[in-house]
Amino acid sequence: MRHLLSIEDLDRSAIERILDRAKSFTEVSEREIKKVPALRGRRVLNLFYEASTRTRSSFELAAKALSADVVNFAAGGSSVEKGESLKDTVQTLSAYRPDLIVIRTPYVGAARLVAGWTDASVVNAGDGKHEHPTQALLDVYALRDRIGALDGASIWIVGDVLHSRVARSNIHALKKMGARVTVCGPPTLIPRGIESLGCAVEYSLARLPEADVVYALRMQKERMTDSFVPSIREYAARYQIDGRRLGPRQVLMHPGPVNRGVELAAEVIDSPQAIIGQQVAAGVVVRMAVLYECLAGRGAPHTEPKAATPVPT
Ligand code: CP
């Protein structure tokens with residue numbers, strides 16, 4: 001695997017191979033010295049144009065656990081604030097000859113564009129509302145750990161599906177793993193035609209008890225240009241997952257960060273059904289596996305960056 005840009009590009013056997021490799025890395029995570037030399041001498045560039053806690057920290061930990069050298073770049077405080085474009089930034093940083101670039105941006109399709117501008121491998125850490133493939137991989141990993149094989153499992157993805165790259169990547173990943181996926185939310189937050197991805201659509205939680213797994217999504221206010229719900233209070237009244245709606249045998253997931261009291265009530269976040277912490281923990285070993293897949297076995301790092309551009313002052 002050269003790049004990881006989208007779950008759509010992976011088939012079930014590729015997903016299983018990555019998750020099996022992630023499992024083998026749990027042994028490293030449990031050691032006192034959490035490091036192996038697998039990617040020694042490789043250079044990983046974390047390029048984040050959007051806020052992140054989980055994804056950025058786990059990619060950094062994953063790269064360091066494999067002994068790669070890591071450079072963290074955040075758009076805030078960089079020459080992006082002076083007007084430098086994404087392409088110029090990527091080509092400028094490619095002068096450092098990174099072997100792999102992890103990229104998060106608010107722009108749909110940006111990761112695929114970046115892959116065309118650099119010789120480095122590229123991993124999509126979230127491109128706008130398009131995809132977040134490593135999130136879906138770690139979700140499948142954490143869920144398989146809890147319930148075993150996903151074949152035939154009923155998984156409801158509830159909330160702001162319209163703005164959610166996590167929903168899109170998870171629909172693809174869960175379907176490929178044999179699960180039955182239903183998306184649920186207010187009609188204004190369900191993209192038209194999403195059934196074409198192979199999922200069912202519900203606009204109320206009336207049939208939620210049929211679900212084996214409830215995957216709640218954050219209300220992404222930062223991506224909302226219009227008013228999609230009459231009020232947060234009304235949204236919570238109709239769609240919040242609380243102790244009354246979550247059954248004792250159902251598993252609860254959320255990609256984080258959670259808006260407490262909006263999509264989830266406090267009592268379910270801290271309930272035994274919730275595997276939110278396990279999802280976060282899975283992020284390190286799954287991202288180790290992705291970095292390893294992209295970089296191990298590749299030849300020596302490339303020698304010349306693609307069309308380096310002058311560095312603006
Ligand atoms: N789930 C997720 O992508 O979280 P961060 O935005 O904190 O990385």
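Calculation rules
- Residues numbered from 1 in each chain as written.
- Predicted model: local features only at pLDDT ≥ 70, side-chain atom pairs only at ≥ 80, totals over all residues.
- Heavy atoms only, no water.
- 1 Å grid on protein atoms, 1.4 Å probe; cavity = no way out; pocket = protein on both sides within 12 Å on 5 of 7 lines; lining within 4 Å.
- Points joined across faces, edges and corners; volume = space filled by probe spheres on them.
- Nonpolar A, V, L, I, M, F, W, Y, C, P; charged D, E, K, R; others polar.
- Domains from an automatic or database assignment.
- Pairing = 2+ DSSP bridges.
- Helix = DSSP H or I, 4+ residues; strand = E, 2+ residues; numbered from the N terminus.
- Right-handed = clockwise from strand over helix to strand, strands pointing away.
- Axes fitted to C-alpha atoms, helices over the stretch in contact; angles between N-to-C directions.
- Left-handed = near helix turned anticlockwise from the far one by under 90°.
- Contact = heavy atoms within 4.5 Å.
- Near = heavy atom within 4 Å.
- Polar contact = N/O pair within 3.5 Å; in protein donor to acceptor, adjacent residues only side chain to side chain.
- Areas by Shrake-Rupley, 256 points an atom, 1.4 Å probe, with all protein chains shown as cover.
- Expected span 1.5 Å × (residues − 1).
- Buried < 20%, exposed > 50% of the residue type's maximum accessible area, 1.4 Å probe, protein only.
- pLDDT = per-residue confidence, 0-100.

1. Side note on empty space enclosed by the protein
The probe, sized like a water molecule, is rolled over the atoms to show the empty space still left.
Link 1 in the chain: Across all of its chains, the model carries one cavity of 30 Å³ or more by this definition.
Link 2 in the chain: Space inside the largest cavity adds up to approximately 40 Å³.
Link 3 in the chain: Across the lining of the largest cavity, the residue classes break down as six nonpolar, no polar and one charged.

2. Points about the layout of surface pockets
Link 1 in the chain: In this structure, the largest pocket occupies an estimated 370 Å³ of space.
Link 2 in the chain: Taken together, 20 residues form the lining of the largest pocket, with R104, R165, R218, G256 and P257 sitting closest to its centre.
Link 3 in the chain: Considered class by class, the residues forming the lining of the largest pocket number five nonpolar, eight polar and seven charged.
Link 4 in the chain: Residue-level mapping places the lining of the largest pocket at the junction of two domains, with at least three residues from each of domain 1 (7-131 + 280-295) and domain 2 (133-278).

3. Regarding the pairing of strand β2 (residues 69-74)
Link 1 in the chain: Inspection of the sheet shows strand β1 (residues 43-48) paired to β2 by six bridges, in the parallel sense. Each residue of the ladder has a partner; that of L47, found in β2, is F73.
Link 2 in the chain: Considered for its hand, the β-α-β crossover made up of β1, helix α2 (residues 54-65) and β2 is right-handed.

4. Quick word on the packing of helix α1 (residues 12-30) against helix α9 (residues 276-295)
Between two packed helices, what matters for the description is the angle formed by their axes and the separation of those axes.
Link 1 in the chain: Viewed as axis vectors pointing N to C, α1 and α9 meet at an angle of 115°, and their least axial separation amounts to 8 Å. Here the hand of the crossing between α1 and α9 comes out right-handed. Each of R17, I18, L19, R21, A22, F25, T26, V28 and S29 in α1 lies in contact with α9, whose residues at this interface are V284, V285, V286, M288, A289, V290, Y292 and E293.
Link 2 in the chain: Of the residues assigned to the contact of α1 with α9, the class counts are 12 nonpolar, two polar and three charged.

5. With respect to the site of the ligand
Link 1 in the chain: The immediate surroundings of the ligand are formed by A51, S52, T53, R54, T55, R104, H132, Q135, P255 and G256.
Link 2 in the chain: Between the ligand and R104 there is a distance of 2.9 Å, counted from an oxygen atom to a side-chain nitrogen or oxygen.
Link 3 in the chain: In the model, a nitrogen atom of the ligand is placed 3.0 Å from a nitrogen or oxygen of the Q135 side chain.
Link 4 in the chain: When isolated, the ligand has an accessible area of 250 Å², and the protein chains bury 91% of it.
Link 5 in the chain: A class-by-class count of the residues in the shell around the ligand yields two nonpolar, six polar and two charged.

6. Examining helix α6 (residues 165-176)
Link 1 in the chain: Between its first and last C-alpha atoms α6 spans 17 Å; for 12 residues at 1.5 Å apiece the expected length is 16 Å, and the two agree.
Link 2 in the chain: Along α6, 10 of the 12 residues are buried, which leaves the element largely enclosed by surrounding structure.
Link 3 in the chain: Taken as a whole, α6 has its buried residues at R165, V166, A167, R168, S169, N170, I171, H172, A173 and L174.
Link 4 in the chain: Positioned one or two residues after α6, G178 has a phi angle of 95°, which is positive.

7. Thoughts on the confidence of the model for the chain
If pLDDT is low for a region, its predicted coordinates should not be looked at in detail.
Link 1 in the chain: On average, residues of the chain score 92 in pLDDT, and 93% of them are at 70 or above.
Link 2 in the chain: For the stretch residues 301-313, pLDDT sits under 50, and the model shows 27 contacts to residues farther than four places along the chain or on other chains.

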